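# Chain and residue survey
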Amino acid sequence: MPGPALNSVAWFEIGTDQPEEVKHFYGRLFDWNFQLNTNTPGVNYHAVVTPGAQQPTGGVWESEGRFPDYAVFYVLVQDVAATVQHAEELGGKVLMAPITDAAGLTFARLEDSAGHHFGVFSAPAP
């Protein structure tokens with residue numbers, strides 16, 4: 001089965017200071033399962049596996065009160081740095097510069113020109 005298409009919404013993330021409550025709620029509501037992700041040391045992050053999915057399609061980031069709660073989508077792109085630069089040229093703002101985790105996943109968080117928060121990511125090279 002092919003993966004998500006470039007430039008499509010391919011991931012979501014929920015940031016919360018109540019991770020157990022969030023996991024309980026969505027687990028019971030949608031039958032989601034959660035797997036601890038250890039690719040980013042020092043970050044409590046659980047990947048979300050939805051029913052029938054072969055791999056995670058979202059995540060729950062435990063904020064520990066360091067930032068306001070949120071829910072955001074991520075778009076799969078070819079080149080995160082180039083997309084971030086293009087977004088800035090279009091009036092967007094960088095909220096979190098591109099970073100790459102231990103598995104080779106690169107991601108960044110942005111604001112669009114109207115102030116809406118979203119993210120972009122690229123998968124590691126095979």
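Thresholds applied
- Numbering of residues begins from 1 in every chain and follows the order in which that chain's sequence is written.
- Side-chain atom pairs in this predicted model are given and counted only at pLDDT of 80 or more, local residue features only at pLDDT of at least 70, and totals for whole chains, interfaces and linings cover all residues.
- Neither water nor hydrogens contribute to the side-chain values; these are computed over all heavy atoms in the structure.
- For two strands to be treated as a pair, DSSP must find no fewer than two bridges joining them.
- Counting from the N terminus, the helices are the DSSP runs of H or I reaching at least four residues and the strands are the DSSP runs of E reaching at least two.
- Axis lines are fitted to C-alpha atoms, over the contacting stretch for helices. Their N-to-C directions set the angle, which ranges from 0 to 180 degrees.
- Contacts are residue-level and defined by heavy atoms, with any inter-residue pair within 4.5 Å sufficient.
- Any helix carries an expected span of 1.5 Å times its number of residues minus one.
- For each residue, the accessible area found with a 1.4 Å probe, counting protein chains only, is set against the maximum for its type, and the residue is called buried under 20%, exposed over 50%, and partly exposed in between.
- When we speak of the arc, we mean the arc of directions from the helix axis to the C-beta atoms.
- UniProt positions are given in the numbering used here, feature names are shortened, and annotations may be inferred rather than shown by experiment.
- Think of a salt bridge as a Lys or Arg side-chain nitrogen and an Asp or Glu carboxyl oxygen that are within 4 Å of each other.

Per an unreviewed UniProt entry, the protein goes by Enzyme related to lactoylglutathione lyase and derives from Streptomyces achromogenes.

### Things to note about the sheet that holds strand β7 (residues 106-111)
A sheet is described by the order of its strands in space; here eight strands give the open sequence β2-β3-β4-β1-β5-β8-β7-β6, paired in mixed fashion. Lying at the two open borders of the sheet, with one neighbouring strand each, are β2 (33-37) and β6 (93-100). Across the sheet, the mean angle separating the axes of adjacent strands is 25° when strand polarity is ignored. Where strand β1 (residues 9-16) meets strand β5 (residues 70-76), six bridges bridge the pair, whose relative direction is antiparallel. Following the sheet pairing, Ile 14 is matched in β5 by Ala 71. On the sheet, helix α1 (residues 19-30) packs against β1, β2, β3 (45-49) and β4 (58-62) and is oriented at approximately 155° with respect to β4. Against the sheet, helix α2 (residues 80-89) engages β6, β7 and β8 (117-122), with an angle of about 10° to β7.

### Points about α1
The first and last C-alpha atoms of α1 sit 16 Å apart over twelve residues, in line with the 16 Å expected at 1.5 Å per residue. Buried residues of α1: Pro 19, Val 22, Lys 23 and Gly 27, and no others. One face of α1 carries all of its buried residues, which in axial projection span an arc of 120°. Where α1 is buried, its residues touch β1, β2, β3 and β4. Of the residues trailing α1, Asp 31 is marked for its positive phi of about 65°.

### Examining the UniProt feature "domain: VOC" (unreviewed entry) in the protein
UniProt's feature table lists "domain: VOC" (unreviewed entry) at residues 8-123, given in the numbering used throughout. Structurally, residues 8-123 is divided into 19% helix and 43% strand, and its ends, taken at the C-alpha atoms, are 13 Å apart.

### Considerations on the pattern of salt bridges
Applying the stated criterion across every chain, the model contains three salt bridges. With its nearest N and O atoms 2.4 Å apart, the salt bridge here joins Glu 13 to Arg 109. Taken as a pair, Glu 13 in strand β1 and Arg 109 in strand β7 lie far apart in primary sequence, 96 residues in all. Since its relative accessible area comes to 3%, Glu 13 is described here as buried.

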